[in-house]
Amino acid sequence: MADDFDLSENGVNHQKPENDEDVMTTAQGVAVADDQNWLKAGARGPQLLEDHIAREKIFHFDHERIPERVVHARGYGVHGEFELTDPIPELTRAGVLGGEKGKKTPVFTRFSTVAGNKGSPDLARDVRGFAVKFYTEEGNWDIVGNNIPVFFIQDAIKFPDLIHAVKPAPDRGFPQAQSAHDNFWDFVTLTPESMHMVMWQMSDRTIPRSLRFMEGFGIHTFRLINADGKSSFVKFHWKPKQGLQSVVWNEALKINGADPDFHRRDMWNSIDAGDYPQWDLGVQVFDEEFAEKFEFDVLDSTKIIPEEQVPVRIIGTMTLNNNVDNFFAETEQVAFCTQNIVPGIDFTDDPLLQGRNFSYLDTQLKRLGGPNFTHIPINAPRCPVRHFQQDGHMAMTNPKGRANYEPNSWGTGDGKEEDRGPRACPMNGFTSYEAPVTGPKLRTRSETFADHYSQARQFYISQTPTEQTHMANAFVFELSKVERMDIRKRMVGHLRHVDASFAQEVSDGLGLDELPPKVPLAREPRTDLPESPALSILKNGPGSFKGRKLGIYIAEGADAKVVQALQDAAKDAGAMVGIIAPNVAGAKLSDGKKLEANEKIDGGPSVMFDAVAIVMAKDTATTMAKDKPSQDFVSDAFAHAKFIAYVPEVMPLFEAVSVGEKMDDGFFDVSGDTGAKDFIEACGKLRFWDRAPVKQD
Ligand code: HDD
């Protein structure tokens, strides 16, 4: 707008403040008169060092970056609250889990990928971090989990090796944000304990459709301690109320190009639109007796306890309902630590957890620059904090009074109670569970950790044939990027211990002439573990199109009634709609009214939507039939097994990509404003998997 321009000085725009609150200042609070020009000796002369205003501005800019996280660098944080729906005071004295029914605790949740840097694409095949900070009345409690219930390694001493192997190779600095390379597969194939995790990693779990559609897991076995000091073992689970959903691999590759911020944009948009994602918090609780008789060691983070064996009891719900005000201040500066627990919750001797408890504090010091990172608002507890810790970089909340040590005798009878400072409280303070500890000092792995294949097999047989096919394809894709033949073969040698036909399928996919030899075994795998339906995504879908997104591709002359019926049906189902058109201004529909588009066709490919509708007049469809992005829109939606609504006028476009002759029950003719409802109802199945090729047994 013309008002925003004041070009009085040689075409430079000097905007003016509207009121006193608008006045720009330096970081020292001094009002700035000119933010366009450095102080100079003459209009065309050299710049003066004296310019403290420019100097401060550039100085700050030069220091804007802090080190990104060494892992989980790319992440997205959101505020919310946790509501306790089924308190468990008999199990824990922590108020957050054992308090009044309906008790609400504020949370901050950060989702992340593991391997990629801060700027890497969202749809990399990768494990997703799922870290929740509870600001409880008894201090901060963090569950620093993932969207997969097991991990690659059993002992924290291997973490640097695992991460070095998956991150870019040190000599060449690539590949970025992916495990499809020699170093990663070299490491895991020489580390048999990774086998269960890589089965999960090669499943659709690592290409979630949305951060809203993933489960979360605390992974380790923790302890709950009740008011009598009794301990129970516990594993934490987050179950999305939205149901589970992933994309297919070919889609993931394309989304990364079309919208590298796909996941964070999705989260931002849904919260912005008031469609708040929710997760139920579940606990699997068991005792020493169960732990003794369970097939595997409950301290081994490469194992799950199937839900069919120990049911997940839902005790509360987390609602994420508030986007951050400032990404850096909140998402980037949040410091999760596994060792942040509160009275009523305790650790076990899981050797991965114990190592993590050491590591996280270290990393915060490096990243946030000092020991006072708990003073940063996003990390500060929302309950009183009293201690004698003092000073250090960036100290913000400084203790008052004379005593900075205890015991002290200040405040006794001198009328200066505040001088005394706090005292430890044996009654309510944190006490560690008195777990008996004995044994020689050894650098060893327990023999109860030695079975690496039985649960990998259990995971595999719990998947639907469609999911099993995706897994085989994922192994073939990743191993085809591995240059060394011996590494490819070694992986197939592992898979032979998981499932013979699966190993054969991957071997065939890699074009190997014969099955490579099995790798050596420490322990014969079990083949008697039953299927666990809870491990499949497709068996646990939402059954509704709520929270999903329909893309409607329109062009000039499209039937307005049809477009309206589709929009209404999607809205009624709680879904979002994106309008795509050959031109971002939109298109004039059959009723003569213009409908604005959200995306121009080349920026809004069908991979960005859960289902698509194509509504055009015949002549425009004939024109668009020659347009490559339009062709891709249709052929990709078809290849990715999406439900497709159409009007007969768009057949020229369908025929141009040979979809016309392949139309199946996943296609819905919605002409004459009928059928939109049926279409959206079918979309609740999310994909028409009958169309996708599945291996034949
Ligand atoms: Fe870790 C970050 C999850 C093992 C060391 N980890 C980090 C984050 C998540 C996890 C979600 C990001 C937190 C955030 O959003 O800021 N890590 C896991 C899980 C593990 C695991 C589920 C296994 C069960 N991690 C693990 C080990 C070590 C670390 C064994 C070290 C011995 N992790 C770190 C770290 C990070 C981290 C280096 C980097 C940034 C941070 O901590 O704050 O300390």
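The structure this text deals with has already been given above.
As a starting point, this report considers the structure included with it. (Residues numbered from 1 in each chain as written. Predicted model: local features only at pLDDT ≥ 70, side-chain atom pairs only at ≥ 80, totals over all residues. Heavy atoms only, no water.)

**Concerning the overall build of the chain**
Our working rule: In this text, helices come from DSSP runs of H or I with a minimum length of four residues, and strands from runs of E with a minimum of two, each type numbered from the N-terminal end. For the radius of gyration, the atoms used are the C-alpha atoms, and the globule rule reads 2.2 Å times the number of residues raised to 0.38. The buried label goes to any residue with under 20% of its type's maximum accessible area, the exposed label to any with over 50%, and the partly exposed label to all in between, with areas taken from a 1.4 Å probe on protein chains only.
Scanning the chain from terminus to terminus reveals 19 helices and 18 strands. Taking 26 Å as the expected radius of gyration for a compact globule of 697 residues, we find that the chain reaches 29 Å, a close match to that expectation. Oriented by its inertia axes, the alpha-carbon framework of the chain measures out at about 95 × 80 × 55 Å. Expressed as a percentage of the 697 residues in the chain, the buried residues total 52%.

**What about the sheet that holds strand β16 (residues 611–615)?**
Worth spelling out the cut-off: The criterion for strand pairing is that DSSP finds at least two bridges linking the strands in question. Working rule for contacts: check all heavy atoms of both residues, and any pair within 4.5 Å makes them a contact. Fitted lines through C-alpha atoms serve as axes, helices being fitted only where they are in contact, and the angles separating the N-to-C directions of these axes extend from 0 to 180 degrees.
Pairing in this open sheet of six strands is parallel, and the strands run β15-β12-β11-β16-β17-β18 from one edge to the other. If you trace the sheet from one side to the other, it starts and ends with β15 (599–600) and β18 (667–669), each paired once. Where strand β17 (residues 644–646) and β18 come together, three bridges link them in parallel fashion. Within β18, the position partnered with I644 by the bridge is F667. Packed on one face of the sheet, helix α17 (residues 628–639) meets β11 (549–554), β12 (576–581), β16, β17 and β18 and runs near 140° to β16.

**Let's talk about empty space enclosed by the protein**
To keep things clear, this is the line we draw: Throughout, the protein atoms alone are placed on a 1 Å grid, and a set of points is a cavity if a 1.4 Å probe fits but cannot get out or a pocket if it is open with protein on both sides within 12 Å along at least five of seven lines; lining residues have an atom within 4 Å of a point. Grid points are joined across faces, edges and corners, and a volume is the space filled by probe spheres set on the points. For this classification, the nonpolar set comprises Ala, Val, Leu, Ile, Met, Phe, Trp, Tyr, Cys and Pro, the charged set comprises Asp, Glu, Lys and Arg, and every other residue, Gly included, is treated as polar.
Under the criterion given, the structure shown has seven cavities of 30 Å³ or more. For the largest cavity, the calculated volume is near 160 Å³. Around the largest cavity, the lining is made up of 18 residues, and of these P149, F217, H237, I304 and I305 lie nearest the centre. Counting residues per element, the lining of the largest cavity draws most heavily on strand β7 (residues 231–240), at three residues. Partitioned by chemical class, the residues of the lining of the largest cavity number 10 nonpolar, three polar and five charged. Around the second largest cavity sit 17 residues that line it, and V114, D126, V127, F152 and V166 are the ones nearest its centre. In terms of residues, the lining of the second largest cavity owes the most to one element, helix α3 (residues 159–166), which gives four residues. Tallied by class, residues from the lining of the second largest cavity come to 10 nonpolar, five polar and two charged.

**Some details on the layout of surface pockets**
The volume enclosed by the largest pocket comes to roughly 1,600 Å³. Along its surface, the largest pocket is lined by 43 residues, and P381, P384, V385, R386 and H387 are the ones closest to its centre. Across the lining of the largest pocket, the residue classes break down as 20 nonpolar, 14 polar and nine charged. Taken as a whole, the second largest pocket holds about 1,200 Å³ of empty space.

**Concerning the coordination of the iron atom of the ligand**
How we decide: Note that water is not among the atoms considered, so a metal site may appear incomplete; the donors listed are N, O and S atoms within 2.8 Å of the metal, with 3.2 Å applied to Na, K and Ca.
Within the protein, just one atom coordinates the iron atom of the ligand: Y360 (OH), at a distance of 1.9 Å. Locating Y360 in the fold gives a position in helix α10 (residues 351–368).

**Things to note about the pattern of salt bridges**
Under the convention used in this document: Salt bridges are counted wherever a side-chain nitrogen of Lys or Arg sits within 4 Å of a carboxyl oxygen of Asp or Glu.
Overall, the coordinates contain 38 salt bridges when judged by the stated rule. Residues R172 and D171 are paired through a salt bridge, measuring 2.6 Å at the closest nitrogen-oxygen approach. Owing to a relative accessible area of 49%, R172 belongs among the partly exposed residues under this scheme. Here D300 and K303 are joined by a salt bridge, their closest N and O atoms 2.7 Å apart. Of the residues examined, K303 reaches a relative accessible area of 4% and is grouped as buried. Within this structure, R209, R212, D266, D275, K546 and D610 form a network of salt bridges that share partners.

**Re the packing of aromatic side chains**
Operational definition: Pairing of aromatic rings covers Phe, Tyr and Trp, the last counted by its six-membered ring, and requires centre-to-centre distances within 6.5 Å; plane angles under 30 degrees mean stacked, over 60 mean edge-to-face, and any other angle means tilted. Either the NZ atom of lysine or the CZ atom of arginine qualifies as a charge over a ring when it sits within 6 Å of the ring centre and within 35 degrees of the ring normal.
A full pass over the atoms with the stated rule returns 32 aromatic pairs. Between F294 and F296, the ring centres sit 5.8 Å apart and the planes meet at 75°, which makes this aromatic pair edge-to-face. Residue F294 shares its accessibility class with F296, and that shared class is buried. Aromatic side chains F643 and F688 sit 5.9 Å apart centroid to centroid with 70° between the ring planes, which places their arrangement in the edge-to-face category. Taken together, the positions of F643 in the loop between α17 and β17 and F688 in the segment after α19 (676–683) put the pair 45 residues apart, joining distant regions of the chain. For the pair formed by F643 and F688, the shared burial category is buried. When the ring centre of W249 is taken as reference, the NZ or CZ atom of R125 above it lies at 4.9 Å. One cation-aromatic arrangement involves R548 over F213; the distance from NZ or CZ to the ring centre is 3.6 Å.

**Comments concerning the nonpolar core**
The condition is simple: Residues grouped as a nonpolar core are buried Ala, Val, Leu, Ile, Met, Phe, Trp, Tyr and Cys residues, joined through side-chain atoms within 4.5 Å. Domains are outlined according to an automatic or database domain assignment.
With 67 residues, the main nonpolar core has L550, I554, L566, I614, M616, F654 and F679 as its most contacted residues. For this core, the leading source of residues is helix α15 (residues 560–572), giving seven residues. Here this core spans two domains, since at least three of its residues come from each of domain 2 (75–150 + 214–375) and domain 3 (544–691).

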